[in-house]
Amino acid sequence: MNLPMQPSIRISCPTIDAAIDNALASKRLVGTVVMVARDGEIVYRRAAGFADREAGLKTSEDTIFRLASITKPIVTIATMRLVEQGRIGLDDPVTKWLPDFRPRLEDGFEPVILIRHLLTHTSGLSYCFERDDGPYVRAGVSDGVDQPGLSLEENLRRIASVPLLFAPGTGWQYSVSMDVLGGVIETETGKRLGEAVAELVMQPLGLFDTGFTVTDRSRLAAPYVDGSPEPKRMSETEKVPVLNGTVTFAPDRIFDLASFHSGGGGMAGTASDVLTVLETIARGGAPLLSEKTVRAMTTNQIGDLLEPARPGFGFGFGWAIVRDPVKAGLPVSPGSLQWGGVYGHHWFMDQTKKITLVGLTNTTLEGMSGQFTLDLKKAVAADL
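These figures come from a predicted structure and were not determined experimentally. All residue numbers here refer to positions counted from 1 along the written sequence of the relevant chain. Residues qualify for local features only when their pLDDT is at least 70, as the model is predicted, and side-chain atom pairs are given and counted only at 80 or more; totals for whole chains, interfaces and linings, by contrast, use all residues. Hydrogen atoms and water are omitted, and side-chain values are computed over all heavy atoms in the structure.

Student: So what's going on with the overall build of the protein chain? Which residues, and what values?
Tutor: Here a helix means four or more residues in a row that DSSP labels H or I, a strand means two or more in a row labelled E, and each is numbered from the N terminus. Helices and strands together make up the secondary structure of the protein chain, namely 12 helices and 15 strands. The quantity called the radius of gyration is restricted to C-alpha atoms. Its globule counterpart is 2.2 Å times the number of residues to the power 0.38. For 384 residues, the compact-globule formula gives about 21 Å, and the C-alpha radius of gyration of the protein chain, at 19 Å, lands near that figure. Once the C-alpha set of the protein chain is aligned to its principal axes, its extents read approximately 60 × 45 × 40 Å. Across the 384 residues that make up the protein chain, the buried fraction comes to 60%. Contact between two residues is taken to exist if any of their heavy atoms lie within 4.5 Å; hydrogens are not considered. Contacts in the protein chain between residues far apart in sequence, at least 24 positions, make up 66% of those at least 6 positions apart. When charges are counted, Lys and Arg are positive and Asp and Glu negative, with His and the chain ends excluded. For charged residues, the charge sits on one atom: NZ in Lys, CZ in Arg, CG in Asp, CD in Glu. Counting 38 positive and 45 negative side-chain charges, the protein chain places the centres of these two groups 2 Å from one another. Exposure categories follow from relative accessible area, calculated using a 1.4 Å probe and restricted to protein chains: below 20% of the type maximum is buried, above 50% is exposed, and the middle band is partly exposed.

Student: Give a description of the pattern of salt bridges that names residues and reports values.
Tutor: Any two side chains of opposite charge can pair if their charged atoms end up close together. Only one rule defines a salt bridge in this text: a Lys or Arg side-chain nitrogen within 4 Å of an Asp or Glu carboxyl oxygen. For the structure shown, the criterion picks out 25 salt bridges. With its nearest N and O atoms 2.6 Å apart, the salt bridge here joins D21 to R46. Separated by 25 residues along the polypeptide, D21 in helix α1 (residues 14–25) and R46 in strand β2 (residues 41–52) bring together distant segments of the chain. A relative accessible area of 36% places D21 in the partly exposed class. Linked by salt bridges that have partners in common, K27, D52, R53, E54, E230 and R233 make up one network.

Student: Can you tell me about the sheet that holds strand β12 (residues 336–341), naming the residues and giving the values?
Tutor: Any two strands with at least two DSSP-identified bridges between them are counted as paired. Strand order across the open sheet formed by 8 strands is β3-β2-β1-β14-β13-β12-β11-β10, with antiparallel pairing between neighbours. If you trace the sheet from one side to the other, it starts and ends with β3 (57–58) and β10 (313–315), each paired once. As paired strands, strand β11 (residues 320–322) and β12 are joined by 3 bridges and run antiparallel to one another. Bridging across to β12, A320 finds its partner in Q338.

Student: Just give me the short version of the packing of helix α5 (residues 152–160) against helix α6 (residues 177–189), but keep the residues and values in it.
Tutor: Closest axis-to-axis distance for the α5/α6 pair is 10 Å, and the angle between their directions is 130°. Viewed along their axes, α5 and α6 adopt a mutual orientation that is oblique. Crossing of α5 against α6: the hand is left-handed. Contact with α5, carried on its side by L152, L156 and I159, involves D179, V180, G182, G183 and E186 of α6 and no other residues of that element. Axes here refer to lines fitted to C-alpha atoms; in helices the fit is confined to the stretch in contact. Angles between the N-to-C directions go from 0 to 180 degrees. Any angle between 65 and 115 degrees counts as roughly perpendicular, while under 35 counts as roughly parallel, over 145 as roughly antiparallel, and the rest as oblique. What makes a crossing left-handed is the near helix being turned counterclockwise from the far one by less than a right angle; a clockwise turn instead makes it right-handed.

Student: Tell me what's going on with the sheet that holds strand β6 (residues 232–233), and back it up with residues and numbers.
Tutor: If you trace the 3 strands from one edge of the open sheet to the other, you get β6-β5-β15, paired in mixed fashion. For this open sheet the edge positions go to β6 and β15 (363–364), each flanked by a neighbour on one side alone. Two elements, strand β5 (residues 224–225) and β15, share 2 bridges in a ladder whose sense is parallel. Across the sheet, the residue bridging to Y224 is T363, located in β15.

Student: Requested: an account of the packing of helix α2 (residues 71–84) against α6, with residues and values cited.
Tutor: α6 packs onto α2 with a crossing angle of 40° between their chain directions and a minimal axis gap of 11 Å. One element, α2, and the other, α6, form an angle in the oblique class. For the pair α2 and α6, the crossing hand works out as left-handed. Each of K72, V75, T76, T79 and L82 in α2 lies in contact with α6, whose residues at this interface are M178, L181, I185 and T189.

Student: Give me the lowdown on α6, citing residues and values where you can.
Tutor: In this model, α6 (13 residues) spans 18 Å end to end at C-alpha, consistent with the 18 Å of a helix rising 1.5 Å per residue. Counting buried positions over the 13 residues of α6 gives 11, a clear majority of the element. Looking only at α6, the buried set comprises S177, M178, D179, V180, L181, G182, G183, V184, I185, E186 and T189. Contacts made by the buried residues of α6 are with α2, α3 (115–120), α5 and α7 (193–202). Of the residues trailing α6, G190 is marked for its positive phi of about 70°. Between the first and last residue of a helix there are one fewer steps than residues, each counted as 1.5 Å, and that sum is the expected span.

Student: If you had to explain the environment of S126 to someone new, which residues and values would you point to?
Tutor: Mapped onto the elements of the fold, S126 is located in the loop between α3 and α4 (135–139). Residue S126 is classed as buried on the basis of its relative accessible area of 7%. Sequence separation between S126 and D39 is 87 residues, and the spatial gap between their C-alpha atoms is 37 Å. Discounting residues that sit within four places of it in the chain, S126 has contacts with Y136, L165, Q173, Y174, S175 and V176.

Student: Describe the side chain of T122, naming the residues involved and giving the relevant values.
Tutor: Its place among the elements puts T122 in the loop between α3 and α4. Judged by relative accessible area, which is 4%, T122 ranks as buried. Discounting residues that sit within four places of it in the chain, T122 has contacts with R116, H117, F166, P168, G169, G171, W172, I302 and L305.

Student: Describe in detail α7, supporting the description with residues and values.
Tutor: Because the α-helix completes a turn every 3.6 residues, residues three or four places apart line up on one side. Of all the 10 residues making up α7, 8 are buried; the element is thus mostly covered by neighbouring parts of the structure. Among all positions of α7, only L193, G194, A196, V197, A198, L200, V201 and M202 are buried. As for α7, its buried residues are in contact with α2, α6 and α8 (271–282).

Student: Could you give an account of the layout of surface pockets, naming the residues involved and the relevant values?
Tutor: Roughly 940 Å³ of volume is contained in the largest pocket. Around the largest pocket, the lining is made up of 35 residues, and of these Y174, L243, R310, W339 and M368 lie nearest the centre. Taken together, the elements giving at least two residues each to the lining of the largest pocket come down to β12, α11 (366–369) and α12 (371–383). When residues of the lining of the largest pocket are assigned to their parent elements, the largest contribution, 4 residues, is made by β12. For this scheme, ten residues count as nonpolar: Ala, Val, Leu, Ile, Met, Phe, Trp, Tyr, Cys and Pro. Four count as charged, namely Asp, Glu, Lys and Arg, and the remainder, Gly too, count as polar. Split into classes, the residues belonging to the lining of the largest pocket amount to 18 nonpolar, 12 polar and 5 charged. Think of a 1 Å grid over just the protein atoms. A cavity is a set of points where a 1.4 Å probe fits yet cannot get out, a pocket is an open set with protein on both sides within 12 Å along at least five of seven lines, and lining residues have an atom within 4 Å of a point. Together, 17 residues line the second largest pocket, and I281, A282, R283, G284 and Q351 are the ones closest to its centre. Looking at the lining of the second largest pocket, its residues break down into 5 nonpolar, 5 polar and 7 charged. Grid points are joined across faces, edges and corners, and a volume is the space filled by probe spheres set on the points.

Right, dumping it as structure tokens:
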């Protein structure tokens, strides 16, 4: 079920080319692979810049990137397969699988966290990078891209030791929810998350380059972080300011087989694999999911909970939904889906125009939330 490796339709995309060229020439990016599908056909594909600048290794279409939060939609799809199989219920309590995972509110009350709360980031959990001096940092919680060798059981214990920000279902906060969900999947399947995701998502699509280990280290892109006059290669431990806090990266974490498989950020893979997974959703879900399930995943599930922080946005199962493009300031159609990854990635799916774009880079944070992401959206609107 992989997408055709050669596009059936070749379209000149000078504006997309210019967006990539400008980001590289201005040294905002080190390397990138950009792919665009329209109506199920790949109409644009380009590898540009360096996978490893110091080694002089250029990116190629099969370059493997650390995916960070692009892991989330893939693990969400695995979850929804288990939901369709009747093995997990959206309104089941998390304690059905993780009986010791019982975080409380500040007043000591223990609320019920449901599977749907984890999928929609309405659980009351958070991330370390929200506050440098926050309780997650003090508890030693891993955001899923640091602390090589940390076990899932220990990370869940640390997460549960911190009070919830709000009662589940009453607020929205980007969080380690998907790491908790990874624990649910492991308990339900009796397998490590990577093995479960491979069987539920990747293998049925004929994809073998994307997982929680690196299939070919020679193809793995080196990670870089924004800098002047050019991005800096990440060190063994790299702290990067994000919002009001700091993300701590340990790029070699993925080589440590004892590291827990982070459902929120632990995968590595290729742009073509990511595009194939997203296009499976765009085309209705087969052979993974029913159209009914895909409709639920691509429908706003949280009301207006995200509105104060991100005007014009809602959230489905696995991704943000652009409810109002004008308020969001984006040149896409209402109902478009998008998300990114803190190692430097961005994707969006315009369901109305039947266009899916995947832009993987090796440059944090430009490739996730910098000018490059908006330039790509504008370029797709101009060229396609």
